[in-house]
Structure formats: C-alpha cells, structure tokens
Amino acid sequence: MALAAPAPALKRRFYARDVVEVAQDLIGCVVAHEGVSGVIVETEAYHDCEPACHAFVGLTARTATLFGPPGRAYVYRSYGIHALLNAVCELEGIGAAVLIRALEPVDGVETMRARRGHDRLEDLCSGPGKLTQALGVELADNGADLETGPLVIRPRPRAWREVAIACGPRIGITKAVELPWRFSAAGSRFVSRRSGVAAVPGR
DNA sequence: CATGGGATTGACT
DNA sequence: GTCAATCCCATGC
C-alpha cells in the first residue's frame, strides 16, 4: 500500500471569514512548499480595523494583497531583512491576514538545515522570519494563491485534530498591544516564545 | 526626492 | 540583558 496522497489544500472559503477564528483554526495545519513542510504551531491575526495591521492605512501598493481575495499569500519584508508570510482572510475589500509565526518541521528537514545554517530542530522554524527562510518563501511569493500552490496550506493531520490552543498578546508590535490575537499550540517546543500565553476559553 | 519606521534575528556584553 | 543589520514603502517637503 502506497503512502496516501497529501490532503488537498485548504480552499478559499476557509479563509473567507473572521480572521481571528481562522488564526486559531490554522494551528495544526500544514504549510508546504516544494517538498519542505511543517505544522503551524503559532499564528497572529491582523485586521484593518486595528492600527497594528498594515492595512490600517488603507489601500496602497503595499496593502493591495491584504485587501484582495482571501486564500492568497501576503509576503512582505520586515526590518529590511526577513520575509514574513501571512494568509489573506475575510472577504475581498477587507484588509485582514493571519501571520504564520512558527512551524514544527515535518518534511525536508535537511533542506531547512542547509537554508538556515542551524542544526537544532527547534531553531529551524521557530519565528516568522526563520520559517520563510526554511521553506524558501520570498517576496516574489506575495499574492500567490495558497490553494493552487506551489506554496499551499493543508488541513490538520489526524494527530492534530484535537490540538489545545493557547492565546496571548501579539509580539513585536507597538499599537493595539492589548488584543489577545496571538495563538499557539499549547506546550509546543517549536513556538517563537514560550511565555505570555493562556488557555483559550471554551475551545 | 529625503526621511523614518518597522508583525526580526543573531551576535555580543 | 543590548544592539546593529538592511530595505521596502508610506509620508512629507
């Protein structure tokens, strides 16, 4: 019996709803790019109604992807050095996205090690700039369709179906710091930071 | 056209 | 704990 084919990628309608819900539902899902993949263990939600979101300034060249159709990648350069990967959410015309902040490596670990220049498994994808480097995601992937690939996000594997989710304040921002819109797989060794989280009530 | 500010990381004290 | 690297883009003159 051959290995099962990978699950089909998440469809546009998965992303076309409340960005804070999508941020939680993406925990445990799998990001894959050209044979390299990992399980999402940390996310943050951003919405144009709050000032920490790039889309807060309105429609510009930079934010066009955020206001575009859901299910696309929003990739931008941070601090002049790192490419950060988001999944665009909500309906077209609303600027919202989920920042993918950390992965638990699954496939292509040796490729990740070579690209990252680090050996420890926990150092490969435990941060938003680290995981794009490990996956080979670049600015040119901005606007790419996450349903058709080559960069795709797949549903939770069976073992991740019941993952416990923690929440806390978003990291590295100076505005709207009070919103608890950072989510992580409870107890994961692969998140970017360990502190500042609490259990999500009722989930 | 000049300026300033980051959704970070890694090296160093 | 501190701090520099580095570049895209929004803003203002």
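Above this note sits the structure.
Now for a look at the structure at hand. Please read these numbers as outputs of a predicted model, since none were measured by experiment.

Here is what the cut-offs are and how they apply
- Residues numbered from 1 in each chain as written.
- Chains lettered and ligands numbered in written order.
- Predicted model: local features only at pLDDT ≥ 70, side-chain atom pairs only at ≥ 80, totals over all residues.
- Heavy atoms only, no water.
- Near = heavy atom within 4 Å.
- Polar contact = N/O pair within 3.5 Å; in protein donor to acceptor, adjacent residues only side chain to side chain.
- Nonpolar A, V, L, I, M, F, W, Y, C, P; charged D, E, K, R; others polar.
- Salt bridge = Lys/Arg side-chain N within 4 Å of Asp/Glu carboxyl O.
- Helix = DSSP H or I, 4+ residues; strand = E, 2+ residues; numbered from the N terminus.
- Buried < 20%, exposed > 50% of the residue type's maximum accessible area, 1.4 Å probe, protein only.
- Axes fitted to C-alpha atoms, helices over the stretch in contact; angles between N-to-C directions.
- Left-handed = near helix turned anticlockwise from the far one by under 90°.
- Contact = heavy atoms within 4.5 Å.
- Disulfide = S-S within 2.5 Å.

1. With respect to the protein's contact with DNA strand C
By nearness alone, every residue bordering DNA strand C is listed as Val 57, Thr 60, Ala 61, Arg 62, Arg 77, Tyr 79, Gly 80, Ile 81 and Leu 139. Counted by atom, the contact set of DNA strand C within 4 Å of the protein is 65% sugar and phosphate. A distance of 2.7 Å is found between a phosphate oxygen of DNA strand C and a side-chain nitrogen or oxygen belonging to Thr 60. In this structure, a sugar or linking oxygen belonging to DNA strand C sits 3.2 Å away from a main-chain N or O atom of Gly 80. Taken together, the residues of the surface near DNA strand C break down into 5 nonpolar, 2 polar and 2 charged.

2. Quick word on the pattern of salt bridges
Tallied over the full model, the rule gives 10 salt bridges. Among the ionic pairs, Arg 101 bridges to Glu 42, the shortest N-O distance being 2.9 Å. One end of the pair, Arg 101, is in strand β5 (residues 96–107); the other, Glu 42, is in strand β2 (residues 36–47), with 59 residues separating them in the sequence. Among the salt bridges present, the one from Arg 182 reaches Glu 42, with a minimum N-O distance of 2.8 Å. Of the two residues, Arg 182 sits in strand β8 (residues 182–185) while Glu 42 sits in strand β2, which places them 140 residues apart along the sequence. Taking the relative accessible area as the measure of exposure, Arg 182 reaches 2% and is therefore buried. A residue is classified by how much of its surface remains accessible, and Glu 42, at 0% relative accessible area, is buried.

3. Re the protein's contact with DNA strand B
Close contacts around DNA strand B come from 21 residues, with Tyr 76, Asn 86, Arg 116, Gly 127 and Gly 129 the closest. The protein-proximal atoms of DNA strand B, defined as those within 4 Å of the protein, are 53% sugar or phosphate. Contact distances for DNA strand B include 3.4 Å between a base nitrogen and a backbone N or O atom of Ala 52. Gly 172 places a main-chain nitrogen or oxygen 3.5 Å from a phosphate oxygen of DNA strand B. Elements represented by at least two residues in the surface near DNA strand B include exactly β3 (73–78), β4 (82–88), β5 and α5 (128–135). For the surface near DNA strand B, a count of residues per class yields 9 nonpolar, 9 polar and 3 charged.

4. Some thoughts on the environment of Pro 150
Along the chain, the position of Pro 150 falls in the loop between α5 and β6 (151–154). Judged by its relative accessible area of 56%, Pro 150 is exposed. Note: C-alpha distance between Pro 150 and Glu 34 (116 residues apart in sequence) is 6.5 Å.

5. Some words on the packing of helix α4 (residues 109–116) against α5
The description of two packed helices rests on the angle between their axes and on the distance between the axes. Relative to each other, α4 and α5 sit at 115 degrees, their axes nearing to 8 Å. In this structure, the crossing between α4 and α5 has a hand that is right-handed. Here Met 112, Arg 115 and Arg 116 of α4 lie close against α5, whose contacting residues are Lys 130, Gln 133, Ala 134 and Leu 135. Of the residues that constitute the contact of α4 with α5, the class distribution is 3 nonpolar, 1 polar and 3 charged.

6. Things to note about unusual backbone geometry
Omega for the bond connecting Gly 149 with Pro 150 falls within 30 degrees of zero, at 10 degrees, which places this linkage in the cis form. The phi dihedral of Tyr 79 falls on the positive side, at around 55 degrees, and the residue is not glycine. With respect to the element layout, Tyr 79 can be found in the loop between β3 and β4. Given the relative accessible area of 73%, Tyr 79 is considered exposed. Of note in this structure, Ala 176 is not a glycine but carries a positive phi near 50 degrees. Structurally, the position occupied by Ala 176 is in the loop between β7 (165–168) and β8.

7. Description of the state of the cysteines
Evaluation of the coordinates by the stated rule reveals 0 disulfides. Of the cysteine sulfurs around Cys 125, a residue in no disulfide, the closest is that of Cys 29, at 16 Å.

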